[in-house]
Amino acid sequence: MSSSELVIALTKGRILTETLPLFELAGVIPAEDISKSRKLLFDTNLPHVKLMVIRGADVPTYVEFGSADMGVAGKDLILEYGSEGFYEPLDLKIASCQLMTAQPVGAKAKTERLKVATKFTNIAKRYFAEQGQQIELIKLNGALELAPSLGLADTIVDIVDTGKTLKANGLEPKQVIAEISSRVIVNKASMKIKNTMIREILEKLRAAVELSQ
Ligand code: PRP
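Conventions adopted
Residues numbered from 1 in each chain as written. Predicted model: local features only at pLDDT ≥ 70, side-chain atom pairs only at ≥ 80, totals over all residues. Heavy atoms only, no water. Pairing = 2+ DSSP bridges. Helix = DSSP H or I, 4+ residues; strand = E, 2+ residues; numbered from the N terminus. Axes fitted to C-alpha atoms, helices over the stretch in contact; angles between N-to-C directions. Contact = heavy atoms within 4.5 Å. Domains from an automatic or database assignment. Salt bridge = Lys/Arg side-chain N within 4 Å of Asp/Glu carboxyl O. Polar contact = N/O pair within 3.5 Å; in protein donor to acceptor, adjacent residues only side chain to side chain. Near = heavy atom within 4 Å. Areas by Shrake-Rupley, 256 points an atom, 1.4 Å probe, with all protein chains shown as cover. Nonpolar A, V, L, I, M, F, W, Y, C, P; charged D, E, K, R; others polar. Buried < 20%, exposed > 50% of the residue type's maximum accessible area, 1.4 Å probe, protein only.

Peer 1: Describe the sheet that holds strand β4 (residues 70-74), naming the residues involved and giving the relevant values.
Peer 2: With mixed pairing, 6 strands are arranged side by side in an open sheet as β2-β3-β1-β4-β11-β5. For this open sheet the edge positions go to β2 (41-43) and β5 (86-91), each flanked by a neighbour on one side alone. Averaged over all pairs of adjacent strands, the angle between their axes in this sheet comes to 25°, without regard to strand direction. Sheet contacts for helix α1 (residues 14-25): β1 (6-11), β3 (49-54), β4 and β11 (182-187); angle to β1, the most-contacted strand, approximately 140°. Running over the sheet, helix α7 (residues 195-211) touches β1, β3, β4, β5 and β11 and is turned about 30° from β5.

So, in structure tokens, the structure goes:
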């Protein structure tokens, strides 16, 4: 990336549909319809700003290593990745949900080693260690809600929004591990080198968030 250009990595999918209106309010508008394109890098109305559209789990990586100066990612993925490698100056207050443990309805509390299925293995490890609970971690990439009924796990750690997915699979939410929403993250070196450009966008985004609350 050149020092006069600002690359912002956005999370594709559902988060993107809530992110773009905020960016528009902040004066950053993609030059073409992102949803109708297979491109990954987009020009905007601002000649020095480009938008990347990638998987949320990759946004922290691109931002930490400076291929993107800024990014928008879910707090779940930031917690899972580890937040030491970048700044997190702004909560966009979109895509809000909770990261929770869940178990089959009525399941008894287990004191011995708990089998936990999740894609958030780092978060689960940290959380259960803090609780003093021994666990066996089972890494899954999706359809976690099936794991308890098939005997693969006692508990899952997953995102809960409406709670419908849990209910439809005979599970109930238990503990809240973290409140989740989308956050703006910034590469540490970019924050110094491109401070004026970044501050300007952050301030406009902050105002856009307030306006849309
Ligand atoms: C998430 C999560 C749950 C579901 C919860 O999946 O993994 O399956 O949403 O939503 P609910 O409480 O409103 O039912 P998502 O659709 O984001 O896809 P993923 O499997 O890629 O995480």
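Peer 1: Please give an account of unusual backbone geometry that cites residues and values.
Peer 2: In this structure, K93 takes a positive phi of about 55° despite not being glycine. Looking at the element boundaries, K93 is found in the loop between β5 and β6 (97-104).

Peer 1: Describe the domain arrangement of the chain, naming the residues involved and giving the relevant values.
Peer 2: Segmenting the chain into domains produces domain 1 (6-95 + 181-212) and domain 2 (97-179). A separation of 30 Å is found between the C-alpha centroids of domain 1 and domain 2. Of the residues lining the interface, 8 residues belong to domain 1; the matching set on domain 2 comes to 10 residues. Between domain 1 and domain 2 we count 0 salt bridges in total. In this structure, the connection of domain 1 to domain 2 is made through 4 residue pairs in polar contact (both at pLDDT 80 or more).

Peer 1: Could you give me a rundown of the site of the ligand, with the residues and numbers involved?
Peer 2: In the vicinity of the ligand, the residues found are R14, K119, E145, D158, I159, V160, D161, T162, G163, K164 and T165. Here an oxygen atom of the ligand sits 2.8 Å away from a polar atom, N or O, in the main chain of D161. Burial of the ligand by the protein chains amounts to 64% of its free accessible area of 500 Å². Breaking the shell around the ligand down by element, the ones donating at least two residues are β9 (155-160) and α5 (164-168). Ranked by the residues each element gives to the shell around the ligand, the list is headed by β9, at 3 residues. Residue composition of the shell around the ligand, grouped by class: 2 nonpolar, 3 polar and 6 charged.

Peer 1: Now, about the pattern of salt bridges: what can you tell me, with residues and values included?
Peer 2: Applying the stated criterion to the full structure yields 10 salt bridges. Residues E88 and K75 are paired through a salt bridge, measuring 2.9 Å at the closest nitrogen-oxygen approach. Within this pair, whereas E88 is found in strand β5, its partner K75 is found in helix α3 (residues 75-81), the two being separated by 13 residues in sequence. The partly exposed category is assigned to E88, whose relative accessible area is 29%. Residue K75 is classed as buried on the basis of its relative accessible area, which comes to 15%. For K204, the salt bridge identified is with E200, shortest N-O distance 3.3 Å. Separated by 4 residues within a single helix, K204 and E200 lie in helix α7, roughly one turn from each other. Overall, E200 belongs to the partly exposed group, its relative accessible area being 44%. Linked by salt bridges that have partners in common, K75, E88, D91 and R183 make up one network.

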